[in-house]
Amino acid sequence: MKNNDLTPFKWMGGKRWAKSLIQPLWDDYQKNSFLSYWVDVCCGAGGLPLNLDPIPHFAILCDQSQALTDFWNAVSLGRYIPQGYLNEETYYFRRNQYNEGDRILFHQLVSNCYGGRYRVNKSGKFNTPWDKTPGRKVPKRDFTVLKKVTSSWQFRNQGYKTTLTCGDIPEDGLFFFDPPYWGVETSYTDIPFTWDDQAQAAYLLGQKEFAIAFNTCCDAIAQLYTEQGFDVFAVPKTHSIGAGKKGSAKKELLAVKGLTVKTLEDFRYEATRELNCD
């Protein structure tokens, strides 16, 4: 299938921008795997697999956010999903409805919230404010196409430990891990992601034949992945987290295991105090 961008919404930390970096690795993986499986440990909006060419036929997308996996399962079952622009009053009314259990409103809310950032408080309630950017438009998505593309995908509400240790995911799958960044984000949900989680995740990923991970570009994270047999790179990325703000050039750490990395050699990581995140 020819790939047009099918990403259903913006998501904090999304990796759609990394397609040019990951595409050669995806191509190499398909040459070395009999039945290619994309395994997304923290799937978010699925922007990366939905922009690969070809889009993975088999994929397992996991996330410990119940809201995300409920959305994806609704798409795969062809259920109605509200879309469109919300004014301020309607947004806060529907946010309250959502927090009281009307989860079908998830997509409409993340399409209208500030910066597209799904954020919850310590009680697990969605609390991102309305996006008041002047002239803001909310594009509508063709979920019938997205349903067709993802018809052979699985969506699971589970954390990284379960995904990386359960026995029903093919061991020769390509495991993609994009966790909360160390020193930058403590969590995407109400469940904290600690240094011990960073270390355990790197260790579990290191047990896989094929794996890719992103994280903070610093010595401490680089060492975690290098010790598990990964090639580690400092790759450039233009950030634009806040709504309406101009991006700034920054480097992110890319760790790769089991795949050819010739296209990344110019970005190979070198330890430097300026990037130390201790």
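Cut-offs used in this document
- Residues numbered from 1 in each chain as written.
- Predicted model: local features only at pLDDT ≥ 70, side-chain atom pairs only at ≥ 80, totals over all residues.
- Heavy atoms only, no water.
- 1 Å grid on protein atoms, 1.4 Å probe; cavity = no way out; pocket = protein on both sides within 12 Å on 5 of 7 lines; lining within 4 Å.
- Points joined across faces, edges and corners; volume = space filled by probe spheres on them.
- Nonpolar A, V, L, I, M, F, W, Y, C, P; charged D, E, K, R; others polar.
- Phe/Tyr/Trp six-rings, centres within 6.5 Å; stacked < 30°, edge-to-face > 60°.
- Helix = DSSP H or I, 4+ residues; strand = E, 2+ residues; numbered from the N terminus.
- Lys NZ or Arg CZ within 6 Å of the ring centre and 35° of its normal.
- Buried < 20%, exposed > 50% of the residue type's maximum accessible area, 1.4 Å probe, protein only.
- Contact = heavy atoms within 4.5 Å.
- Pairing = 2+ DSSP bridges.
- Core = buried A, V, L, I, M, F, W, Y, C linked by side-chain atoms within 4.5 Å.
- Salt bridge = Lys/Arg side-chain N within 4 Å of Asp/Glu carboxyl O.

1. So, the layout of surface pockets
Volume-wise, the second largest pocket comes out at about 290 Å³. Lining the second largest pocket are 19 residues, with Lys10, Val110, Ser111, Lys137 and Pro139 positioned closest to its centre. Considered class by class, the residues forming the lining of the second largest pocket number 7 nonpolar, 6 polar and 6 charged.

2. Digging into the packing of aromatic side chains
Working definition: an aromatic ring pair is given by the centre-to-centre distance plus the angle between the planes. By the definition in use, this model includes 28 aromatic pairs. Here the aromatic rings of Tyr37 and Phe58 are separated by 5.3 Å at their centres, their planes lie at 25 degrees, and the arrangement is stacked. Taken together, the positions of Tyr37 in strand 1 (residues 37–40) and Phe58 in strand 2 (residues 58–63) put the pair 21 residues apart, joining distant regions of the chain. Taken together, the ring pairs connect Phe9, Trp11, Phe71, Trp72, Tyr98, Phe106, Tyr118, Phe126, Phe143, Trp153 and Phe155 into an aromatic cluster. Its guanidinium or amino end placed over the ring of Phe214, Lys15 lies 5.3 Å from that ring's centre, counting from NZ or CZ. Across the ring face of Tyr98, the terminal group of Arg103 is positioned such that the distance to the ring centre comes to 4.5 Å.

3. Considering the environment of Val149
Counting through the fold element by element, Val149 comes out in helix 5 (residues 143–149). Remark: the alpha-carbon pair of Val149 and Ile55, spanning 94 residues in sequence, is separated by 7.9 Å.

4. Looking at helix 2 (residues 66–76)
Those residues of helix 2 that sit buried are Ala67, Leu68, Thr69, Phe71, Trp72, Ala74 and Val75. Where the residues of helix 2 are buried, they touch strand 2, helix 3 (88–99), helix 4 (106–110), helix 5 and strand 3 (153–157). Positioned one or two residues after helix 2, Gly78 has a phi angle of 70 degrees, which is positive.

5. As for the pairing of strand 1
Burial along strand 1 is two-sided: the face carrying Tyr37 and Val39 and the face carrying Trp38 and Asp40 are both buried. Pairing of strand 1 with strand 2, which is carried by 4 bridges, proceeds in the parallel orientation. Considered in strand 2, the bridge of Trp38 is made with Ala59. Here strand 1 runs beside strand 4 (residues 174–177); their pairing, made up of 3 bridges, is parallel. Following the sheet pairing, Asp40 is matched in strand 4 by Phe176.

6. Details of the nonpolar core
Judged by nonpolar contacts, the single largest core of 87 residues is most densely connected at Ile22, Trp38, Phe106, Tyr118, Phe177, Leu205 and Tyr225. In terms of residue count, helix 2 provides more of this core than any other element does, 6 residues in total. Dropping the residues within four chain positions of it, Phe106 is found in contact with Phe9, Trp11, Ala67, Leu68, Phe71, Tyr98 and Tyr118.

7. Regarding the environment of Lys125
On the secondary structure map, Lys125 appears in the loop between helix 4 and helix 5. Residue Lys125 is classed as partly exposed on the basis of its relative accessible area, which comes to 37%. With 26 residues separating them along the chain, Lys125 and Asn99 place their C-alpha atoms 5.8 Å apart. Setting aside residues up to four positions removed in sequence, Lys125 forms contacts with Asn99, Arg119 and Val120.

8. A word on unusual backbone geometry
Cis geometry is found at the peptide bond from Asp53 to Pro54, where omega equals 0 degrees. Summarising the element assignment, Pro54 is placed in the loop between strand 1 and strand 2.

9. Topic: the pattern of salt bridges
Under the definition given, this model contains 7 salt bridges. We note a salt bridge from Arg136 to Asp131, for which the minimum N-O separation is 3.8 Å. Accessibility assignment for this pair places Arg136 and Asp131 in one class, buried. In this structure, Arg268 engages Asp231 in a salt bridge whose closest nitrogen and oxygen atoms are separated by 3.3 Å. Here Arg268 is found in the segment after strand 7 (248–257), whereas its partner Asp231 is found in strand 6 (residues 231–239), with 37 residues between them in sequence. Relative accessible area serves as the criterion here: at 34%, Arg268 is assigned to the partly exposed category. Through salt bridges with shared partners, a single network forms among Lys15, Asp178 and Glu252.

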